[in-house]
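Fold and contact review
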Amino acid sequence: MSELLPAAPRIYWLESKAEIIKSARMPQFIIPTIALPPAFYALFALALGQGSEAAATQTLATFGVFAVMGPALFGFGVNIAAERETGQLELKRLSPMPAGAQITAKIAATTVYCAVSLVMLYSLGIVAGVALAAAQWTAMILVHFLSIIPFSLMGIGIGYRFGQGAAVAIANIVFLSLAVMGGLWFPITAMPQVMQSTAWVLPSYHLGEIALMAAGQRNDSFLLLHAGPLLLITLAAAIYAWTGERQQSR
């Protein structure tokens, strides 16, 4: 296939293919980021859900956000940090490769692995009894894939600022903190008041609530209440990523 493409698109294709294969050969990436969300969903929705369709649907909506967090944070944060330490990042910058090929490849790999995790998750959801209208499925899937954006930006910022070892530790802390404090595993109403207030500055909380609206589990009249803060958080994440990249390129 790659031989049939013009030179520039072929470079993008080959770089994306290499990034996908590289990540597939890293069990420390595959297991926690792809297998963990479906495994947790099976525990919460199938084993502990007692056959409740509402519980299975609510959990599917929030765990879909959880499923994209891992590939986005680790795929960008840890990989960029590793490439910085080994000199690969500098080598690619000095090569005649198009400037956008590297980031495009990481976006492609992240999207592929998010899709794999989400397909596993949705399959378990159907087994658990989730029955949504076509429009609801479409809206929820769209929310889940758009969730890649803020977490990828956070990962980029981490990758450009820290070494590989520190990036792994920080990405893990951010990953688990956003999941728990963002109400993706269980409702934030079950948490202390201070943690409920903290959730409002977390992208995971707002994305989870919007996903629940898409699935018909929340009143969508509150959409702007969550979309507004989410846009501001995403903008802050973009600035964090951009300043990290600028700092590295000096």
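To be clear, the structure that these remarks concern was listed above.
Residues numbered from 1 in each chain as written. Predicted model: local features only at pLDDT ≥ 70, side-chain atom pairs only at ≥ 80, totals over all residues. Heavy atoms only, no water.

**Describing the nonpolar core**
The criterion, for reference: What is meant by a nonpolar core is a set of buried Ala, Val, Leu, Ile, Met, Phe, Trp, Tyr and Cys residues, joined one to another through side-chain atoms within 4.5 Å. In this scheme, a residue with accessible area under 20% of its type's maximum is buried, one over 50% is exposed, and one in between is partly exposed, where area comes from a 1.4 Å probe on protein chains only. Numbered from the N terminus, helices here are DSSP runs of H or I no shorter than four residues, and strands are runs of E no shorter than two. Residue contacts are counted whenever heavy atoms from the two residues lie within 4.5 Å of one another.
Core analysis: the biggest nonpolar cluster contains 57 residues, and Tyr41, Leu60, Phe66, Met69, Met140 and Phe151 have the highest contact counts within it. For this core, the secondary-structure elements that each account for two or more residues are α2 (27-47), α3 (53-86), α5 (101-127), α6 (134-146), α7 (148-161), α8 (164-181), α10 (203-214) and α11 (223-249). Broken down by element, the residue count for this core peaks at 16 residues, all from α3. Aside from chain neighbours lying at most four places away, what touches Met69 is Phe151, Val174, Phe175, Leu178, Ala179, Leu184 and Ser204.

**Concerning the pattern of salt bridges**
To be explicit about the condition: We define a salt bridge as a contact between a side-chain nitrogen of Lys or Arg and a carboxyl oxygen of Asp or Glu at a distance within 4 Å.
This structure, assessed with the given rule, holds 1 salt bridge. Residue Arg218 pairs with Glu209 through a salt bridge whose shortest N-O separation is 3.0 Å. Assessed through its relative accessible area of 35%, Arg218 is described here as partly exposed. For Glu209, a relative accessible area of 13% gives the class buried.

**A short note on the packing of aromatic side chains**
The condition that has to hold: For Phe, Tyr and Trp, rings pair up if their centres lie within 6.5 Å, where Trp contributes its six-membered ring, and each pair is then called stacked (planes under 30 degrees apart), edge-to-face (over 60) or tilted (otherwise).
Enumeration according to the criterion identifies 9 aromatic pairs in this entry. Every member of this aromatic cluster is reached through a ring pair, and the members are Phe40, Tyr41, Phe63, Phe66, Phe74, Phe175 and Trp185.

**Some details on the side chain of His226**
Position of His226 relative to the elements: it lies in helix α11. Other than its neighbours up to four places away in sequence, His226 contacts Trp200, Tyr205, His206, Glu209, Ile210 and Met213.

**Some thoughts on α5**
Spelled out, the test is: The span expected for a helix works out to 1.5 Å for each residue beyond the first.
In this model, α5 (27 residues) spans 39 Å end to end at C-alpha, consistent with the 39 Å of a helix rising 1.5 Å per residue. At the C-terminal side of α5, Gly129 shows a positive phi close to 105°.

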